[in-house]
Amino acid sequence: MSDITSSSFVRRDLLTERPAPVKTTGFIGLVRTRLFNSPTNILLTIIGALLLWFTIVPSVRFLVVDAVWSGKDRTACLAENAGFAVGACWPYIQAKLPQLIYGFYPEAERWRVNLTLLLAVVLLLPLLIPRLPAKGLNAGLFFLAFPVVAFFLLHGGGIKGFGLSWTAGLLELFDDSIINAGQVLLGLSKTSAIGPLLWIVGQLIVLVGTAISWLIFPLTWLRDQIQGTGQSVWLDFAITAAIVSLIGFVLGGGVRTGGRALASCIATFVAIAVVIKLMDLDHGGLSIVTTNLWGGLLVTLVVSVTGIVTSLPIGIALALGRRSTIPLIRIFSIAFIEFWRGVPLITVLFFATYMLPLFLPGNFTVDGLVRALIGIALFTGAYQAENVRGGLAAIPRGQGEAAAALGLSWWKTTSLIVLPQALRHVIPNLVNSFISLFKDTSLVSIVALFDLLGSLRASFSDPKWSTPSTAFTGFAFAGIIYFIFCFGMSRYSLFVERRLNAHRRN
């Protein structure tokens, strides 16, 4: 015990102070460890700060500090009247805002556009919020019911029949096209060197068309009888509802398990009947507003949303077709993808607008906006096909082999195992294509469709708002709108990617 006491040591003098530890957290830590931790980073930090200073500061001065916020005409945005160097002329945006949103849509009917946008937001938000229930019902309403309601709200008009009349009309149009093709060949046989061969082929085609006309005669006769009654829409609707409900009942399992399918069909047709009655579609519906009066943000949203929604299914089908073991399907998918990827979008729009009507029957016309929508959907679908194919190639082969060992069919393996994982892998690529499509909608102004930028350029011709800063203000406003939509899509894609890849987090 005495040895331990004698060997103990107690310091009587204070130690000198040590330097404080290097701070590695917070703002000071960020500056120390990321911005000024090496000569290269110091140089890059200084260059970046200078770029921000010479870009953001002048933008803020133009948009906010030196901007004019009130006025009735161009005089408020002139430097000699304002007393300083005028920046953005926001009274011009306030005066032209209806044109930038609705284009030349009639002012008395703009409530229809507002209602359509409101319905879109109400149906889209529950799909974007993961925790909300009834995703299947909501998706059906947004992707199936909403486009039809939006068409009759924006375009107007009514219906003169329903499923039976529409089917008879399509079959009759197809039959007329076949007969017309045969008659063209018969006409060419009179002047061609291979006239006898053309005459034989033409006669065969006309014979086939005549046979089809006799086959569809009962359907066309029933349609004509229904059209002769005073309640053609509702009678056709009742017959269509009865036929579809019966088919759904039989395919759903008949007496044993078909009750649910029958109830779903009846509920769907009841909802359709309510919409027809509310919108008065059986008596002409709302007044027609032709698409040449549409413009502004309305056209931008219609083109972009339609292209986004339709291009993804087309891309998935083409990607699966390109990997198919059936040569015909694979060759068609490859040819389709390579053709549309090798043609500029401007060429596609020109072809869809001016050349497509030349290949259609004389009694069949397609609206100019619809032609542009079809061209954009096919063009974007080809690019989406390659994105999806990349995701499919990233799936290990063992996934499909394991599904086959469990006895799953090709359809179940693809839809339940392979495709969901493939789409999860290519979320950044898909959203990048969506953002690119949203910005490329400005190209439709080349084919006389006034989107947001087209309406903006049209507003520059108003001499009432002709000032040196008008054009800069207009393009700045359009850029802000494009940035809001594109940035929103980008951030939501990051949210979805993190949510679906939760199993990969460290």
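Residues numbered from 1 in each chain as written. Predicted model: local features only at pLDDT ≥ 70, side-chain atom pairs only at ≥ 80, totals over all residues. Heavy atoms only, no water.

- Looking at an unreviewed UniProt entry, one finds the protein named ABC transporter permease subunit and attributed to Bradyrhizobium cajani.
- Checking UniProt for the protein, the heading Sequence similarities (unreviewed entry) contains the comment "Belongs to the binding-protein-dependent transport system permease family. HisMQ subfamily." (UniProt positions renumbered as here; feature names shortened; annotations may be inferred.)

**Structural notes on the packing of aromatic side chains**
Right, on to step 1. As enumerated under the stated definition, the model contains 22 aromatic pairs in all.
Right, on to step 2. Aromatic pair F142 and F146: ring centres 5.8 Å apart, planes at 5 degrees, arrangement stacked. Note that F142 and F146 are positioned in helix α7 (residues 135–154) at a spacing of four residues, about one turn of the helix. This pair shows no difference in class: F142 is buried, exactly as F146 is.
Right, on to step 3. On the numbers, 5.3 Å between centres and 15 degrees between planes, the contact of F483 with F487 is stacked. One end of the pair is F483 and the other is F487, both in helix α22 (residues 470–500) and four residues apart, which spans about a single turn.
Right, on to step 4. An aromatic cluster is built from F162, W166, W234, F237 and F269, whose rings are joined through pairwise contacts. (Phe/Tyr/Trp six-rings, centres within 6.5 Å; stacked < 30°, edge-to-face > 60°. Helix = DSSP H or I, 4+ residues; strand = E, 2+ residues; numbered from the N terminus. Buried < 20%, exposed > 50% of the residue type's maximum accessible area, 1.4 Å probe, protein only.)

**Topic: the layout of surface pockets**
Right, on to step 1. The space that makes up the second largest pocket amounts to roughly 870 Å³.
Right, on to step 2. The wall of the second largest pocket is formed by 27 residues, among which A145, V148, V149, I272 and V275 lie closest to the centre.
Right, on to step 3. Counting only elements with at least two residues in the lining of the second largest pocket, the list comes to α6 (110–128), α7 and α13 (259–278).
Right, on to step 4. Examining the composition of the lining of the second largest pocket, we find that 10 residues originate from one element, α7, more than from any other.
Right, on to step 5. In terms of residue class, the lining of the second largest pocket is made up of 25 nonpolar, two polar and no charged.
Right, on to step 6. In terms of domain composition, the lining of the second largest pocket takes at least three residues from each of domain 2 (95–159 + 290–501) and domain 3 (163–283). (1 Å grid on protein atoms, 1.4 Å probe; cavity = no way out; pocket = protein on both sides within 12 Å on 5 of 7 lines; lining within 4 Å. Points joined across faces, edges and corners; volume = space filled by probe spheres on them. Nonpolar A, V, L, I, M, F, W, Y, C, P; charged D, E, K, R; others polar. Domains from an automatic or database assignment.)

**Describing the packing of α6 against α7**
Right, on to step 1. At a minimum axis separation of 9 Å, α6 and α7 run at an interaxial angle of 170 degrees. In this view, α6 runs roughly antiparallel relative to α7, as classed from their interaxial angle. Contacts between α6 and α7 involve R112, V113, L115, T116, L119, A120, L123, L124, P126 and L127 from the first element and K135, N138, A139, L141, F142, F143, F146, V149, A150, F152, L153 and L154 from the second.
Right, on to step 2. Class assignment of the residues belonging to the contact of α6 with α7 gives a composition of 18 nonpolar, two polar and two charged. (Axes fitted to C-alpha atoms, helices over the stretch in contact; angles between N-to-C directions. Parallel < 35°, antiparallel > 145°, perpendicular 65-115°, else oblique. Contact = heavy atoms within 4.5 Å.)

**Section: the packing of helix α14 (residues 297–322) against helix α15 (residues 327–341)**
Axes are the key here: two packed helices are described by the angle between their axes and the distance separating the axes.
Right, on to step 1. With their axes 7 Å apart at the nearest point, α14 and α15 run at an angle of 130 degrees to one another. The angle between α14 and α15 places the two elements in the oblique class. Crossing angle aside, the handedness with which α14 passes α15 is left-handed. Two secondary-structure elements touch here, α14 through L318, G321 and R322 and α15 through I329, R330, S333, I334, F336, I337 and E338.
Right, on to step 2. Taken together, the residues that form the contact of α14 with α15 break down as five nonpolar, two polar and three charged. (Left-handed = near helix turned anticlockwise from the far one by under 90°.)

**A short note on α22**
Right, on to step 1. The end-to-end C-alpha separation of α22 is 45 Å, in line with the 45 Å expected for 31 residues at 1.5 Å each.
Right, on to step 2. Burial in α22 covers these residues: T470, T473, G474, F477, A478, I481, Y482, C486 and S493.
Right, on to step 3. Those residues of α22 hidden inside the fold are in contact with α3 (39–65), α5 (90–102), α14, α20 (427–440) and α21 (452–459). (Expected span 1.5 Å × (residues − 1).)

**Considerations on the pattern of salt bridges**
Right, on to step 1. As enumerated under the stated definition, the model contains 11 salt bridges in all.
Right, on to step 2. E386 serves as the salt-bridge partner of R322, at 2.8 Å between the closest nitrogen and oxygen. Separated by 64 residues along the polypeptide, R322 in helix α14 and E386 in helix α17 (residues 368–393) bring together distant segments of the chain.
Right, on to step 3. Relative accessible area serves as the criterion here: at 18%, R322 is assigned to the buried category.
Right, on to step 4. Residue classification places E386 among the buried positions, given a relative accessible area of 17%. (Salt bridge = Lys/Arg side-chain N within 4 Å of Asp/Glu carboxyl O.)

**Regarding the nonpolar core**
In globular proteins that are soluble, nonpolar side chains generally tend to be buried together.
Right, on to step 1. Core analysis: the biggest nonpolar cluster contains 41 residues, and Y105 and W294 have the highest contact counts within it.
Right, on to step 2. Of all the secondary-structure elements, those providing two or more residues to this core are α14, α15, α16 (345–355), α17, α19 (410–425) and α20.
Right, on to step 3. Of the residues forming this core, the biggest block, nine residues, is contributed by α17.
Right, on to step 4. Here W294 is in contact with Y102, Y105, L154, H155, V289, V299, L369 and F450, once residues within four sequence places are set aside.
Right, on to step 5. Among the nonpolar cores identified, the runner-up in size contains 25 residues, and A67, V431, I481 and Y482 belong to it. (Core = buried A, V, L, I, M, F, W, Y, C linked by side-chain atoms within 4.5 Å.)

**Description of unusual backbone geometry**
Right, on to step 1. Although it is not a glycine, A134 adopts a positive phi angle of roughly 55 degrees.
Right, on to step 2. Counting through the fold element by element, A134 comes out in the loop between α6 and α7.
Right, on to step 3. Residue A134 is classed as partly exposed on the basis of its relative accessible area, which comes to 47%.
Right, on to step 4. Non-glycine residue D280 carries a positive phi angle of around 55 degrees.
Right, on to step 5. Within the element layout of this structure, D280 appears in the loop between α13 and α14.
Right, on to step 6. Using a relative accessible area of 33% as the deciding quantity, one classes D280 as partly exposed.

**Thoughts on the domain arrangement of the protein**
Right, on to step 1. When its domains are assigned, the protein resolves into domain 1 (26–82), domain 2 (95–159 + 290–501) and domain 3 (163–283).
Right, on to step 2. Taken together, the eight residues of domain 1 in the interface contact 10 residues of domain 2.
Right, on to step 3. Taking both partners together, domain 1 and domain 2 bury about 650 Å²; carbon and sulfur atoms supply 72% of that area.
Right, on to step 4. Summed over the three residues of domain 1 that lose the most area to domain 2, namely F62, R74 and C77, the buried surface amounts to 60% of that side.
Right, on to step 5. Inspection of the region where domain 1 meets domain 2 yields zero salt bridges. (Buried area = accessible area lost by both parts, 1.4 Å probe.)

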